[in-house]
Amino acid sequence: MKITLKDKSIKEYDKAVSILDIAYDISEGLGRICCGGLVDGKMSDLRTVIDYDCELAIVTPNDPEGLSTIRHTCSHVLAEAVKRVFPDAKLAIGPSIENGFYYDIEHEPFSREDLDNLETEMKKIIKEGAKLEKFILPREEAIKFMQDRNEDYKIERVWASRSINANPNKRGKLTEILVHNYPTNKKYSFFNNNNFNQA
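Just so you know, these numbers come straight off a predicted model, no measurement behind them. (Residues numbered from 1 in each chain as written. Predicted model: local features only at pLDDT ≥ 70, side-chain atom pairs only at ≥ 80, totals over all residues. Heavy atoms only, no water.)

A. Seen up close, the pairing of strand β7 (residues 54-59). Taking burial as the measure, the six residues of β7 include five buried ones, the bulk of the element. The pairing of strand β1 (residues 2-5) with β7 spans three bridges and is parallel. When the bridges of β7 are listed, Leu5 appears paired with Leu56. Inspection of the sheet shows strand β4 (residues 36-39) paired to β7 by four bridges, in the antiparallel sense. In the sheet register, Val39 faces β7, and the bridge partner there is Leu56. (Buried < 20%, exposed > 50% of the residue type's maximum accessible area, 1.4 Å probe, protein only. Helix = DSSP H or I, 4+ residues; strand = E, 2+ residues; numbered from the N terminus. Pairing = 2+ DSSP bridges.)

Structural data, given as structure tokens:
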């Protein structure tokens, strides 16, 4: 199997290998900072296993795709913090955006003290360094899974999907439907709740 890298050099492997493994094979430094990879131009997370000839560009925080991945991951760290501090809150979506990230949450408006508590909890979650576990559920099971957790907006997302399967991801005690997230929380400690806004 031949992997053509961004600089046109070629890595050869005799078995399937993940993007993260390839990054470490290139250099330990790259392995430590990488956020994902563009496989034949398509963004994939670090856990993606490659078993065919392809072109691969390792993505870092210096790349737009890498920064987007970090921001998206941070949004779900926020979601986990919200569910820990306010268990009755309902989660909708939490994408990255041009200048940061946000999460749509059904809950009473947060006070300044609430935001400070959420920032503290986010730092705690990051320090815990929980890994992201990915699994696949048939659509009906995914709906039941979210119904059991009273996550109405997540149920809507599964219903709206055309796929027969859903791809929930578990990080710590939070289970989400995610794409392109970094597989651990450990690296992210740069957010500040002074930039939090509520609509």
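B. Representation of the pairing of β1 in the model. In β1, alternate side chains face the same way, and those of Ile3 and Leu5 are buried while those of Lys2 and Thr4 on the opposite face are not. In the sheet, β1 pairs with strand β2 (residues 10-12) via three bridges, with the strands oriented antiparallel. In the strand pairing of β2, Lys2 is matched with Glu12. The turn joining β1 and β2, which pair antiparallel and follow one another in sequence, is formed by four residues; a positive phi near 75° is taken by Lys8.

C. Structural view of a nonpolar patch on the surface. A cluster of nonpolar side chains, Ile93, Ile97 and Tyr102, forms an exposed patch at the surface whose accessible area comes to about 210 Å². In this structure, Ile93 sits in the loop between β8 (90-91) and β9 (96-97). Judged by relative accessible area, which is 32%, Ile93 ranks as partly exposed. (Patch = residues over 30% accessible without salt bridge, like charges linked within 9 Å, V, L, I, M, F, W, Y side chains within 5 Å. Areas by Shrake-Rupley, 256 points an atom, 1.4 Å probe, with all protein chains shown as cover. Salt bridge = Lys/Arg side-chain N within 4 Å of Asp/Glu carboxyl O.)

D. The arrangement of the sheet that holds strand β5 (residues 42-44) in detail. Reading across from one edge, β2-β1-β7-β4-β5 is the order of the five strands in this open sheet, with mixed pairing throughout. Two strands close off the open sheet at either side, each with one partner strand: β2 and β5. Each strand axis lies, on average, 35° off the axis of its neighbour in the sheet, ignoring direction. Packed on one face of the sheet, helix α1 (residues 19-26) meets β1, β2, β4, β5 and β7 and runs near 75° to β7. (Axes fitted to C-alpha atoms, helices over the stretch in contact; angles between N-to-C directions. Contact = heavy atoms within 4.5 Å.)

E. A look at the packing of helix α5 (residues 139-148) against helix α6 (residues 152-160). Taken N-terminus to C-terminus, the directions of α5 and α6 make an angle of 170°; their axes are 8 Å apart at the nearest point. One finds that α5 runs roughly antiparallel with respect to α6. Contact with α5, carried on its side by Arg139, Glu140, Ala142, Ile143, Met146 and Gln147, involves Lys154, Ile155, Val158, Trp159 and Ala160 of α6 and no other residues of that element. (Parallel < 35°, antiparallel > 145°, perpendicular 65-115°, else oblique.)

F. Molecular detail of the pattern of salt bridges. As enumerated under the stated definition, the model contains 11 salt bridges in all. Between Lys90 and Asp152 there is a salt bridge, and its shortest N-O distance comes to 2.7 Å. Of this pair, Lys90 sits in strand β8 while Asp152 is found in helix α6, placing the two residues 62 residues apart along the sequence. Using a relative accessible area of 37% as the deciding quantity, one classes Asp152 as partly exposed.

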